[in-house]
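These are the residues of each chain, in order.
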Amino acid sequence: MAIKKQYLKSKPVCKVTFSVPAEEAKSVAVVGSFNEWNTEATELKKLKNGTFKGTVDLESDNSYEFRYVVDGNYVNDEQADAYAWNDFAGAENGILNL
């Protein structure tokens, strides 16, 4: 899994690209505090090489909790900036610091 951050000079926005290698998966989405944990809001597109990829514009100077949903299973990204316990989820969520 990979996270690429591209900060824009013209606006306080960071383009965050999420990449999830999941060749066998049928669907992958990224959910988090930036999209109200909506599993349909940010679905990633499957590329020919089996990697799912998608880009989200997020406000800079913020932190966001997030996880991936791979075929209905919640998964953390090992490249997250940090992890935080979430009582509602009963698990740790990845943290994205921009």
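Residues numbered from 1 in each chain as written. Predicted model: local features only at pLDDT ≥ 70, side-chain atom pairs only at ≥ 80, totals over all residues. Heavy atoms only, no water.

A. Up close: the packing of aromatic side chains. One pass over the full model with this rule turns up 5 aromatic pairs. Seen from their ring centres, Phe18 and Tyr68 are 6.0 Å apart, and the 85 degrees between their planes marks the pair as edge-to-face. Of this pair, Phe18 sits in strand 2 (residues 13-21) while Tyr68 sits in strand 6 (residues 63-70), placing them 50 residues apart in sequence. Judged by relative accessible area, Phe18 falls into the buried class, the value being 0%. Judged by centre distance (6.1 Å) and plane angle (75 degrees), the ring pair of Phe34 and Tyr64 falls under edge-to-face. Of this pair, Phe34 sits in the loop between strand 3 (28-32) and strand 4 (45-46) while Tyr64 sits in strand 6, and the two are 30 residues apart along the sequence. Grouping residues by exposure puts Phe34 and Tyr64 together as buried. Here a set of aromatic residues connected by ring pairs shows up, and it is made of Phe18, Phe34, Tyr64, Phe66 and Tyr68. (Phe/Tyr/Trp six-rings, centres within 6.5 Å; stacked < 30°, edge-to-face > 60°. Helix = DSSP H or I, 4+ residues; strand = E, 2+ residues; numbered from the N terminus. Buried < 20%, exposed > 50% of the residue type's maximum accessible area, 1.4 Å probe, protein only.)

B. Spotlight on the pairing of strand 9 (residues 91-97). Burial analysis of strand 9 places 5 of its 7 residues in the buried class, the great majority of the element. Inspection of the sheet shows strand 6 paired to strand 9 by 4 bridges, in the antiparallel sense. Bridge pairing in strand 9 places Glu65 opposite Ile95. In terms of strand pairing, strand 8 (residues 82-86) meets strand 9 through 5 bridges, oriented antiparallel. From the neighbouring strand, Ala82 faces strand 9, where its bridge partner is Ile95. Between strand 8 and strand 9, which pair antiparallel and follow one another directly, the connecting turn spans 4 residues, one of which, Gly90, has a positive phi of 70 degrees. (Pairing = 2+ DSSP bridges.)

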